[in-house]
Amino acid sequence: MAAGATIHTFDVQLADVDRGVYDELSLRLARHPSETDAYMLTRLLAYCLEYADGIAFTEGVAATDEPAVLVRDSTGRVTGWIEVGAPDATRLHYGSKLADRAVVYTYRDPAKVIANWAGKTIHKADAIVLHSFDAGFLDDAASALARRNTMTVSVTERQIYLELNGVHLSTTVHERPIRAL
């Protein structure tokens with residue numbers, strides 16, 4: 001855990017109809033002082049949307065050689081490399097080579113994030129998808145954040161219905177390939 005980090009707890013009820021994933025999660029996120037609310041919420045939503053056996057948060061913005069979220073199989077092999085924000089092409093290339101699957105969740109303008117990767121070498125770039133949310137969604141969710149949070153995340157047809165500490169929000173999960181096939 002990073003020095004000076006603020007701990008946020010989340011009791012999450014997850015119902016991802018699209019993937020058939022239903023679970024109750026008790027999560028503790030260490031929010032680094034340089035980490036924005038939007039980054040932390042994107043990291044949390046990426047975890048929920050990618051939830052599988054072996055998923056774990058890394059040190060977040062403090063991790064230099066790992067993404068925000070990793071998925072490992074029972075042998076310890078990395079099967080999912082889940083970046084948050086706008087990772088550089090070299091990091092995404094490395095993660096895509098290491099893991100079976102790499103994805104990015106961003107709270108930034110997706111067009112600008114993808115533009116930063118143009119002309120750069122990224123392993124299996126045609127298989128990597130950039131996920132984003134409706135404008136204003138993360139800002140509205142951030143206004144409901146507390147140190148201790150209760151949250152319900154329901155996903156159906158790539159639409160998220162979020163209840164965070166009594167505030168109800170929804171967004172579409174937008175998916176863009178980082179390179180056209």
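The present account deals with the structure reproduced in this document. For clarity, every value in this text was computed on a predicted model and none was experimentally measured. (Residues numbered from 1 in each chain as written. Predicted model: local features only at pLDDT ≥ 70, side-chain atom pairs only at ≥ 80, totals over all residues. Heavy atoms only, no water.)

1. Topic: the pattern of salt bridges
Across all of its chains, the model carries 9 salt bridges by this definition. A salt bridge links Asp16 to Arg19, with the shortest nitrogen-to-oxygen separation between them at 2.9 Å. On the accessibility criterion, Asp16 (0% relative accessible area) is buried. On the accessibility criterion, Arg19 (37% relative accessible area) is partly exposed. Here the salt bridges do not stand alone but share partners, grouping Asp73, Arg77 and Asp100 into one network. (Salt bridge = Lys/Arg side-chain N within 4 Å of Asp/Glu carboxyl O. Buried < 20%, exposed > 50% of the residue type's maximum accessible area, 1.4 Å probe, protein only.)

2. Things to note about the environment of Ile114
Assignment of secondary structure puts Ile114 in helix 3 (residues 110-115). Separated by 16 residues in the primary sequence, Ile114 and Leu130 have C-alpha atoms spaced 8.1 Å apart. Ignoring anything within four residues of it in the chain, the contact list for Ile114 reads Leu130, Arg176, Pro177 and Ile178. (Helix = DSSP H or I, 4+ residues; strand = E, 2+ residues; numbered from the N terminus. Contact = heavy atoms within 4.5 Å.)

3. Overview of the pairing of strand 9 (residues 159-164)
Two faces, one strand: in a regular strand the side chains alternate between the faces of the sheet. Counting buried positions along strand 9 gives 5 out of 6 residues, so the element sits mostly inside the fold. Pairing of strand 8 (residues 148-156) with strand 9 involves 6 bridges; the strand directions are antiparallel. Across the sheet, residue Met151 finds its bridge partner in strand 9, namely Leu164. Between the end of strand 8 and the start of strand 9, which pair antiparallel, lie 2 residues, with Glu157 showing a positive phi angle near 50 degrees. Taken together, strand 9 and the strand that follows it, strand 10 (residues 167-172), pair antiparallel across an intervening segment of 2 residues, in which Asn165 is found at a positive phi of about 50 degrees. (Pairing = 2+ DSSP bridges.)

4. A look at helix 2 (residues 89-98)
Turning to helix 2, its buried residues are Ala89, Leu92, Gly95 and Ser96. Down the axis, helix 2 shows its buried residues gathered within 130 degrees of arc, on one side only. Within helix 2, the exposed residues directed more than 90 degrees away from the buried face are Thr90 and Lys97. If you follow the buried residues of helix 2, they end up packed against strand 5 (78-84) and strand 6 (101-105). (Arc of directions from axis to C-beta.)

5. Side note on the pairing of strand 7 (residues 129-132)
Relative to strand 7, strand 6 runs parallel, the two sharing 3 bridges. For Tyr105, the partnering residue across the bridge sits in strand 7 and is His131. One crossover worth recording links strand 6 to the parallel strand 7 by way of helix 3, and it is right-handed. By the bridge criterion, 4 bridges tie strand 7 to strand 11 (residues 174-177) in an arrangement that is antiparallel. Bridge pairing links Leu130 to Arg176 in strand 11. (Right-handed = clockwise from strand over helix to strand, strands pointing away.)

6. So, the sheet that holds strand 6
Where strands meet in a sheet, backbone hydrogen bonds hold them as pairs that are either parallel or antiparallel. Across the sheet, which stays open at both edges, the 6 strands sit in the order 3-4-5-6-7-11 with mixed pairing between neighbours. Both outer strands of the open sheet, strand 3 (55-57) and strand 11, are each paired with one neighbouring strand and no more. Taking each pair of neighbouring strands and ignoring which way they run, the sheet shows an average axis angle of 20 degrees. Direction of pairing for strand 5 relative to strand 6: parallel, over a ladder of 5 bridges. Each residue of the ladder has a partner; that of Ile82, found in strand 6, is Val103. Its contacts with the sheet put helix 2 on strand 5 and strand 6, and the angle it makes with strand 5 is roughly 160 degrees. (Axes fitted to C-alpha atoms, helices over the stretch in contact; angles between N-to-C directions.)

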